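Residues per chain, in single letters:
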Amino acid sequence: MATMKSVLTGARNLVDVTETERPVPGPHDALVRVRACGICGTDTFFLHLGGMPAGADGTTRAIPLGHEPAGEIVGIGAEVTGVEVGDRVVVNPQGVPSGIIGCGGAHGAMSEYLLIEGVEVGRNVAVFPDSVPFDVASLNEPMAVARHCVNRSGARPEDRVVVFGAGPIGLGATIWLKLRGVGHVVVVDVLPERLETALAVGADAVIDPAQEDVLARLTELHGQAANALGQPRAGTDVYIDAAGAPAVFQTVIDAAKWHARLVMVAVQKKSDAIDLGGMLRSELTLIASQGYPTEIFEVTPELVEHHERFARLISHRVPFAEVGRAFELALTPGAAEKVVVTFDDAGE
């Protein structure tokens, strides 16, 4: 029996690396040798819990982790068409019948091999060329999240946009905004190294709220406007919350001009009461952005074209043999921007 190593949730904030049977593809399936897999905030969420909640008594069950893979097809079923052994692919983790990959489903992509049931190009896999490194290709899924957020914002070239949070989603949104021709994009974060990365990927300006007054700086950058009562506000058209920090929401309300838009893409942390009156005075439109209804493979050609730019989002590349250290980095606030686990030594 051929086996493989796979990463599951362990005790709270720890992972277990287990030896399990290597999947065998059925007639309509493909087996992917994973070559890189990113660590997402959702992975760390399950680690904080110690697994997937399993009952009202607070118990949890261990689940396979990882939903941001890139790899190569090493086996296909007899009735598979559209892909071949040797193809390099990215994966739609929401496109398999056994449940979402890595978030409670039967399979996790932080494994040496991943079974893609009912493999179909354009539904659950997309092929990419060998000019793109596997680690950069593994950004496909989070960049689809970022692209959906930008699509939801409706940002136009003439708009002035602020992105709160220079993690992978915020930086990805910054790249997509600039690629669609948005004229001025500001990124706000408290970590200087993240602000440096934001400038490197195309942000027009950055703000450290620990050092600067956000409203004053935005007014300087985007001009002065007003809310419905004529009170002075920044001329910013679109705000994107890719941070989820409680202070972000109120900062936007305090800065928002009449008919500004706020897009929430970050998982929101519990916060104090929000000034709904402030939202009313600006007629601030709140837009929620969840996942990637259509964007998962729409982003792939542009990720390929601009892969050197997207590569800047990866702060740490950690070999699978040190996967525990990779998750420690991801769990430590401020220790890493984007951690990608590489599988160059994956079993044959």
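Scroll up a little and you will see the structure.
Residues numbered from 1 in each chain as written. Predicted model: local features only at pLDDT ≥ 70, side-chain atom pairs only at ≥ 80, totals over all residues. Heavy atoms only, no water.

Undergrad: Before we go on, may I ask you to explain the nonpolar core in this structure?
TA: Generally speaking, soluble globular proteins have nonpolar side chains that are buried together. By size, the foremost hydrophobic cluster in this structure holds 49 residues, and its most contacted members are Phe128, Leu177, Val187, Ile240 and Phe310. Residue assignment for this core shows that the elements contributing at least two residues are α2 (134-137), α3 (140-153), β10 (160-164), α4 (168-179), β11 (184-188), α5 (192-200), β15 (238-241) and α9 (300-305). It is α3 that contributes the most residues to this core, six residues altogether. Excluding its chain neighbours within four sequence positions, the residues that come into contact with Leu177 are Val150, Ala155, Val161, Val163, Val182, Val185 and Ile240. One finds Val91, Val125, Leu331 and Val341 within the second-largest nonpolar core, a separate group that totals 37 residues. (Core = buried A, V, L, I, M, F, W, Y, C linked by side-chain atoms within 4.5 Å. Buried < 20%, exposed > 50% of the residue type's maximum accessible area, 1.4 Å probe, protein only. Helix = DSSP H or I, 4+ residues; strand = E, 2+ residues; numbered from the N terminus. Contact = heavy atoms within 4.5 Å.)

Undergrad: In this structure, what is going on with the packing of α3 against α4? I would like to understand it.
TA: Helices that pack against each other are described as a pair by the angle of their axes relative to one another and the distance between those axes. It is at 8 Å that the axes of α3 and α4 come closest, and there the two elements cross at 60°. If you check the angle between α3 and α4, you find them oblique. The handedness of the crossing between α3 and α4 is right-handed. Residues Pro142, Met143, Val145, Ala146, Arg147 and Val150 of α3 form the contact with α4, whose participating residues are Pro168, Ile169, Gly172, Ala173, Trp176 and Leu177. When the residues that make up the contact of α3 with α4 are grouped by side-chain class, the tally is ten nonpolar, one polar and one charged. (Axes fitted to C-alpha atoms, helices over the stretch in contact; angles between N-to-C directions. Parallel < 35°, antiparallel > 145°, perpendicular 65-115°, else oblique. Left-handed = near helix turned anticlockwise from the far one by under 90°. Nonpolar A, V, L, I, M, F, W, Y, C, P; charged D, E, K, R; others polar.)

Undergrad: What is the right way to look at the environment of Ala336 in this model?
TA: Its place among the elements puts Ala336 in the loop between α11 (323-331) and β19 (339-342). A residue is classified by how much of its surface remains accessible, and Ala336, at 12% relative accessible area, is buried. In this structure, the C-alpha to C-alpha distance between Ala336 and Cys149, residues 187 residues apart in sequence, is 23 Å. Among all residues touching Ala336, those that are not within four sequence positions of it are Arg194, Ser315, His316 and Leu329.

Undergrad: Could you clarify how one ought to interpret the environment of Val90 in this entry?
TA: In this fold, Val90 is placed in strand β7 (residues 88-91). Overall, Val90 belongs to the buried group, its relative accessible area being 2%. Along the chain, Val90 and Gln250 lie 160 residues apart, while their C-alpha atoms are 38 Å from each other. Every residue in contact with Val90, bar those within four places of it in the chain, is listed here: Pro69, Ala70, Asn124, Val125, Ala126, Phe128, Ala137, Asn140, Phe297 and Thr300.

Undergrad: Hey, could you run me through the sheet that holds β15 in this one?
TA: The strands that make up a sheet are held in pairs by hydrogen bonds between backbone atoms, and each pair lies either parallel or antiparallel. Taken together, six strands build an open sheet; the order of strands is β12-β11-β10-β15-β16-β17 and the sheet is parallel. Taken across any chain shown, the strands that pair with only one partner, and hence form the sheet edges, are β12 (205-207) and β17 (285-288). Here the strands of the sheet are splayed against their neighbours by 20° on average, with no regard to which way each runs. Relative to β17, strand β16 (residues 261-264) runs parallel, the two sharing four bridges. Note on β17: the bridge partner recorded for Arg261 is Thr285. With respect to the sheet, α3 is in contact with β15, β16 and β17, its orientation differing from that of β16 by roughly 155°. (Pairing = 2+ DSSP bridges.)

Undergrad: Which parts of the structure should I look at to understand the pairing of β10?
TA: A regular strand places its side chains on the two faces of the sheet in alternate fashion. In terms of residue burial, β10 counts as a mostly covered element, since four of its five residues are buried. In this sheet, β11 lies alongside β10 in parallel orientation, the contact comprising five bridges. Residue pairing in the sheet places Val162 in a bridge with Val186 of β11. In terms of handedness, the path from β10 via α4 over to β11 forms a crossover that is right-handed. By the bridge criterion, four bridges tie β10 to β15 in an arrangement that is parallel. Opposite Val161, over in β15, you have Val238 as the bridge partner. (Right-handed = clockwise from strand over helix to strand, strands pointing away.)

Undergrad: Sorry, what's going on with α5 here?
TA: Every α-helix carries 3.6 residues per turn, so stepping three or four residues along brings you back to the same face. All of the buried residues along α5 are Arg194, Leu195, Thr197 and Ala198. End-on, the buried residues of α5 take up no more than an arc of 155°, which puts them together on one face. Check the buried side of α5 and you find it contacts α4, β11 and β12. Immediately beyond the C-terminal end of α5, within one or two residues, lies Gly202, with a positive phi of roughly 125°. (Arc of directions from axis to C-beta.)

Undergrad: Looking at this structure, how should I read the packing of helix α1 (residues 41-49) against α11?
TA: Where α1 contacts α11, the axes come no closer than 10 Å and their chain directions differ by 95°. Compared by their axis directions, α1 and α11 come out roughly perpendicular. In this structure, α1 uses Asp43, Thr44, Leu47 and His48 to contact α11, whose residues at the interface are Phe327, Ala330 and Leu331. The residue inventory of the contact of α1 with α11, partitioned by class, reads four nonpolar, two polar and one charged.

Undergrad: Mind showing me how you'd approach the packing of aromatic side chains here?
TA: Centre distance and the angle of the planes are the two values used to describe a pair of aromatic rings. Applying the stated criterion across every chain, the model contains four aromatic pairs. Judged by centre distance (5.9 Å) and plane angle (85°), the ring pair of Phe128 and Phe134 falls under edge-to-face. Classification of Phe134 as buried rests on a relative accessible area of 12%. Summarising the aromatic geometry, the rings of Trp176 and Phe310 are spaced 5.1 Å apart at their centres and angled 50° between planes, so their arrangement reads as tilted. Linking Trp176 in helix α4 with Phe310 in helix α10 (residues 307-311), this pair joins segments that are 134 residues apart in sequence. What makes Trp176 buried here is its relative accessible area of 2%. Directly above the ring of Tyr113 sits Arg22, whose terminal nitrogen or CZ lies 4.2 Å from the centroid. (Phe/Tyr/Trp six-rings, centres within 6.5 Å; stacked < 30°, edge-to-face > 60°. Lys NZ or Arg CZ within 6 Å of the ring centre and 35° of its normal.)

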